[in-house]
Amino acid sequence: GQQVMQIPQYQHVQEGEDFTTYCNSSTTLSNIQWYKQRPGGHPVFLIQLVKSGEVKKQKRLTFQFGEAKKNSSLHITATQTTDVGTYFCAGPESGNEKLTFGTGTRLTIIP
Amino acid sequence: NAGVTQTPKFQVLKTGQSMTLQCAQDMNHEYMSWYRQDPGMGLRLIHYSVGAGITDQGEVPNGYNVSRSTTEDFPLRLLSAAPSQTSVYFCASSLTSSRQPQHFGDGTRLSIL
């Protein structure tokens, strides 16, 4: 079945530093979804990318979808304490309605 | 709108016991799914449903049953609980498919002794 990996698994940064997490799928994706989960909370949808090479921005967050639609990245500029949490990518499998989540990157901020 | 509601929030079971985790949504969503979350393993799909009367297996379906008799409800049944099923369980829903944003419930924290 489809596998979605994320690196790194953990990232500790000083407040104000940038942060990037990378997502790689074993198969071509129709779209890529990104979610954020705060400690003790549930995943919350951030954004969806559909087109090859697509780039979307949400304030300090920049999302990219690779040209081959098999990889994606999330970049946060000048991290703040509110960015703490685990970031997941997720991709639907083709041919069925399964949604596969990546392993997640847990971001902690050192004030 | 309450969104996706999961009950109970916490549960402790003994090995061999059975129980049902409840999930209900009031958004008229057709697509519903169940995930389990274990440390370091992300979210793994257990079962999903594309509409009332239709269910299918996800990545880790063994030991779990589901049914979808109404659009609103998608209960997850553990037939004979095992310690390996200790996890946090999340229910999610979307308008029609896995290709749309998923709305998650608050989760059920389940411990099997």
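Above this text you will find the structure in question.
Residues numbered from 1 in each chain as written. Chains lettered and ligands numbered in written order. Predicted model: local features only at pLDDT ≥ 70, side-chain atom pairs only at ≥ 80, totals over all residues. Heavy atoms only, no water.

Turning next to the overall build of chain B. The helix and strand inventory of chain B stands at zero helices and eleven strands. N-terminal to C-terminal, the α/β element order of chain B is β-β-β-β-β-β-β-β-β-β-β. Its C-alpha atoms give chain B principal-axis dimensions of roughly 35 × 30 × 25 Å. Every one of the 113 residues in chain B was classed for burial, and the buried ones make up 50%. A sequence separation of at least 24 residues applies to 53% of the contacts in chain B between residues at least 6 apart. Roughly 5,000 Å² of accessible area belongs to chain B as shown, and the carbon and sulfur atoms make up 52% of that amount. Across chain B, the centroid of the 8 positively charged side chains sits 8 Å from that of the 8 negatively charged ones. (Helix = DSSP H or I, 4+ residues; strand = E, 2+ residues; numbered from the N terminus. Buried < 20%, exposed > 50% of the residue type's maximum accessible area, 1.4 Å probe, protein only. Contact = heavy atoms within 4.5 Å. Areas by Shrake-Rupley, 256 points an atom, 1.4 Å probe, with all protein chains shown as cover. Lys, Arg positive; Asp, Glu negative; His and termini not counted. Charge placed at Lys NZ, Arg CZ, Asp CG, Glu CD.)

Applying the stated criterion across every chain, the model contains twelve aromatic pairs over all chains. A centroid spacing of 5.6 Å and a plane angle of 70° characterise the contact between A:Tyr35 and A:Phe45, whose relative ring orientation is edge-to-face. Here the residue A:Tyr35 occupies a position in strand E4 (residues 32-37), and A:Phe45 occupies one in strand E5 (residues 44-49), the gap between them amounting to ten residues. Ring geometry for A:Phe101 versus B:Phe104: centroids 6.0 Å apart, planes at 80°, classification edge-to-face. On the criterion of chain membership, the pair formed by A:Phe101 in strand E10 (residues 99-101) and B:Phe104 in strand E10 (residues 103-104) is interchain, its members lying in two chains. Across the pair, exposure class does not vary: A:Phe101 and B:Phe104 are buried alike. (Phe/Tyr/Trp six-rings, centres within 6.5 Å; stacked < 30°, edge-to-face > 60°.)

Attention now moves to the state of the cysteines. Applying the stated criterion across every chain, the model contains two disulfides over all chains. A sulfur-sulfur distance of 2.0 Å marks the disulfide that ties A:Cys23 to A:Cys89. Across the disulfide from A:Cys23 to A:Cys89, rotation about the S-S bond amounts to roughly 80°, and the bridge is consequently right-handed. In this pair, A:Cys23 sits in strand E3 (residues 19-25) while A:Cys89 sits in strand E9 (residues 85-92), placing the two residues 66 residues apart along the sequence. The class of A:Cys23 is buried, set by a relative accessible area of 1%. Accessibility expressed as a relative area gives 0% for A:Cys89, which makes it buried. Disulfide partner of B:Cys23: B:Cys91, at an S-S distance of 1.9 Å. Negative torsions about the S-S bond denote left-handed disulfides, and the value of about -70° found for B:Cys23 with B:Cys91 makes this one left-handed. (Disulfide = S-S within 2.5 Å.)

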